[in-house]
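Survey of secondary and tertiary structure
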Amino acid sequence: MAEKTCAVCDDKLDATVIEVKIGDQTVEVCCEECALKLREARTAS
Ligand SMILES: [Zn+2]
C-alpha cells in the first residue's frame, strides 16, 4: 500500500489526516491550514 501524502503540501500523512470534500471526491490533507487552502482554491474561481 502506497503512503498517502497531503494534496496541498505533499507531506506524508499520519494520524492527523484531515478529509476535505471537494465536489464529489474526498481529498486528504495534513492539517487545517492545508484544508483551508484547498477550500479557498476551490471557491476562488
Ligand atoms: Zn499539507
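Residues numbered from 1 in each chain as written. Predicted model: local features only at pLDDT ≥ 70, side-chain atom pairs only at ≥ 80, totals over all residues.

On a plain count of helices and strands, the protein comes out with one helix and two strands. Element order for the protein, N to C, with α for helix and β for strand: β-β-α. On the principal axes, the C-alpha backbone points of the protein span a range of 35 × 20 × 15 Å. Put simply, the protein has 45 residues, and 7% of those count as buried. Contacts in the protein between residues at least 24 apart in sequence constitute 19% of all its contacts with a sequence separation of at least 6. (Helix = DSSP H or I, 4+ residues; strand = E, 2+ residues; numbered from the N terminus. Buried ≥ 20, exposed ≤ 12 C-beta atoms within 10 Å, placed from the backbone. Contact = placed C-beta atoms within 7 Å.)

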